[in-house]
Structures are given as structure tokens and as C-alpha cells.
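# Observations on the model geometry
Each chain is listed here by its residues.
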Amino acid sequence: MFHLNLPPDPKEMAAIEARRNREKERQNRIFDVRTRVMGVDVEALDKQVEERKLREATEKRKEAAYGTNQLKYDMVAQMLEREEAERARRLARKVQEFREQKQQLKHRHDFDLWEQNHLWNEFPAHLGNNDPYYGPASLQCFSGEDLDRATCLRMEQERFRYSLEKQMHEKQQARAEEMYADELSNQLRLAVDMQAAQTARLEESCRKAIKCAIANANKAQGSHQAAEVAERKRQERRRELGANISEIRHQIKSDLLTEKPQTAQNFVGPHRVQSQCWKGMTPEQRTAINKAQEAQRHEKKAQRQAEQDLDAKWGSQAINLAQATMELEEQERELCAEFRRGLGSFNQELANEQNTHQNYLNSMIYTNQPTTQYYLQFNTSSR
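As a starting point, this report considers the structure included with it. (Residues numbered from 1 in each chain as written. Predicted model: local features only at pLDDT ≥ 70, side-chain atom pairs only at ≥ 80, totals over all residues. Heavy atoms only, no water.)

Before going further, it helps to examine the overall build of the protein. Along the backbone of the protein there are 8 helices and 0 strands. A burial count over the protein gives 3% of its 383 residues as buried. Long-range contacts, defined here as pairs at least 24 residues apart, represent 30% of the contacts in the protein between residues at least 6 apart. Element-wise, carbon and sulfur atoms account for 56% of the exposed surface of the protein, whose accessible area totals about 36,300 Å². (Helix = DSSP H or I, 4+ residues; strand = E, 2+ residues; numbered from the N terminus. Buried < 20%, exposed > 50% of the residue type's maximum accessible area, 1.4 Å probe, protein only. Contact = heavy atoms within 4.5 Å. Areas by Shrake-Rupley, 256 points an atom, 1.4 Å probe, with all protein chains shown as cover.)

Here's what the structure looks like:
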């Protein structure tokens, strides 16, 4: 009745086989001891990280460039939108003005079809007391009626047309005056530019003439000035030679080049000298300085001997302190060794008790030991 031996679906078999292969690869990857213990390829991971960082940096640069271009395009789009909106606003205003002026409802051909009071207007208002349209019992006058309304409207339209034409004429006249003013300003600007150019040419020609005149005057006065300069230089050399000779005589006769020690004495203080005239120390001064240096050497030697004695005392004290420290350390080592011996004996007793308890557990309580088959039932799948 039912065909149960149908062939399997190829797509379903392929999907099952693909799942089996992925499961085997996952088990090999998870249960591989080398990969699980040693880890993955660090160099490959570092390379992937560098590639990802480089890709992210490239994408950031692209996004920044796109953002800059987008801002520029947005600004241009906003400018175009504003211009388009302004153009549409001007066109709408012009259309509205045209409609208000030229396309009023009362000027349309089918105005009668849209007039709400069309039927009422067929009946004229009060034309006079002898109107044959109304009977004797009809009312002849109502408040608010205006028999000359059409004439008033016509006159008002004429006034509006006259004012509109007057405004257009004034606007055209103002535009013409503005154009005339612009033309005059352009002509005035051209005239000013031409006047400035002509003035510049005249100034340049005057400057050249002044330079030529100055050059001729300098050339004429050059010879006279050269003679005056030569005479002035000759007199300056003569004065300089006389001053040098006087300076040499003064140096020879003065106390500067002599060996007199009295010339270096300072009259303000006897312990001071004049540095520009001092020629050195006298033998008495050298002897006094040598004696003072010898006294300083003896004093320095005594000070150094006292410091050596103090260092020797500190050294002996440091040796005594080191010997006392060594004795204390030896006592501490002996105490630590004794403590370790006691701790070892206590640990040995504790270990014997633990071994006895473990033997009791293994022999009396834990008698059913798990086999290898028990452990093989775990970790058979990667999920």
C-alpha cells in the first residue's frame, strides 16, 4: 500500500554528511593535545591583528574623506536649496501679485455662474417711487441700499488703475535714474583713473629731472670736495702722529714701566695695591706667605691625625658589633634547627596517622575501583 523503500534525498544526505565532517574536524581540533597544550600560532594571530588594524585605519581614513566630501556636498546642497526656495518664493510672489491684479474673480467670464447673489441681483433695487415692478403693498426702501454702487466700483477701479500705472511709471523712472547714476559714477571713476595715471606720469618725469639735476650738481662739487677731504685727512694724520709721539714720551718717563714697588701702593688702604702699577710681591711678602702656608700644613696634619684616630675607634666598635651579631645569628640558627627537628618529628607522626587512615579507606571502604571503560564514556563529543 505504501512504498517504504524510497531512495534517500540527496540534499538531506549531503547536509548530514557535511554536519558529520564538521563534527569530526571540531573533535580533532578540540581533542588534539598539541594544539590544546601549546596553543595556536602566535605569529599568524599577530599578523591578523596587524591586518585588522591596518584595515580599520584605512576605513577610518576613507570615512573621514567621505565625511569631508559629505559636508562639502551638504553645504552646496543647502546653498542650492536656499537659492531654489528663494527662486520659488519670488515666482510665487509674482504669481500671487499677478493673480491679485489681473485674475480677480469678478473679471472671469463665468463669474455669473459663481456669483452667490446672482438671483438677487436680477431684481433691481429701488429705482424710484413710481417703479412699476413693485405693487402698492411692497416696500420701497431698505436700509443699507446703494443705487450707485456700480458707478462707485467703476470709479474705484479707475483710481486703482491710475495709482498702479503711476507706481509703474515711478518705478521705471527710478530704475532709469539709477542706471543714469551708475553710468555717471562709471564715467567719474574712469576720469579719476585717467587723472591719477597722468599725475603719476608727471611725478615720474619730475623725479627723473630732479635726479639728473642732483647728479650734475654732485659732479660739479666733486672736485672741490675731494680737495677738502684730502686736506682734512692730511691734518688728521699730522695730529695723530703728534699724539702718538707724546704718548710714547709719557710712557717712557712715567712710573708704569719702572720697577719701583712704591708706585703700586694705594693711599686709601695700606693692604691694597693699584693693579695697573703692581709689579709683583717683595721678598718679605713671599716669606710671610710661606710661613703662613707652613702653619696651615701643620694644622692640616694634626686634623688628619685626629680624624684617623676617630676612624680607628669607629672601626673597632664596628668589629665588636659584628662579632656580637654573629653570636646572635649562631644562637638563632641553633634555635631554628631545634624547631625544625621538633616539626619533623611531628610531621612524621601526622604522616603515619594519615597513611593508616588512607590504608583503612582503601581496604575497608573504597573497594569498588572504577575501570578504564568507565573513563572512556566521557569526552566522546565536542558539544
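The full count for this structure, using the stated rule, is 9 salt bridges. We note a salt bridge from Glu86 to Arg89, for which the minimum N-O separation is 2.4 Å. On the criterion of helical spacing, the pair formed by Glu86 and Arg89 is a turn pair, its members being 3 residues apart in helix H3 (residues 42-102). Accessibility expressed as a relative area gives 33% for Glu86, which makes it partly exposed. Accessibility expressed as a relative area gives 45% for Arg89, which makes it partly exposed. A salt bridge links Arg333 to Glu330, with the shortest nitrogen-to-oxygen separation between them at 2.4 Å. Of the two residues, Arg333 and Glu330 both sit in helix H7 (residues 283-365), 3 residues apart, roughly one turn of that helix. Under the relative-accessibility criterion, Arg333 is labelled partly exposed at 46%. (Salt bridge = Lys/Arg side-chain N within 4 Å of Asp/Glu carboxyl O.)

Further remarks concern a positive patch on the surface. The grouping of Arg19, Arg20, Arg22 and Lys24 at the surface amounts to a positive patch. When you line up the elements, Arg19 lands in helix H1 (residues 10-31). (Patch = residues over 30% accessible without salt bridge, like charges linked within 9 Å, V, L, I, M, F, W, Y side chains within 5 Å. Lys, Arg positive; Asp, Glu negative; His and termini not counted. Charge placed at Lys NZ, Arg CZ, Asp CG, Glu CD.)

By themselves, these observations are geometric and do not establish any function.
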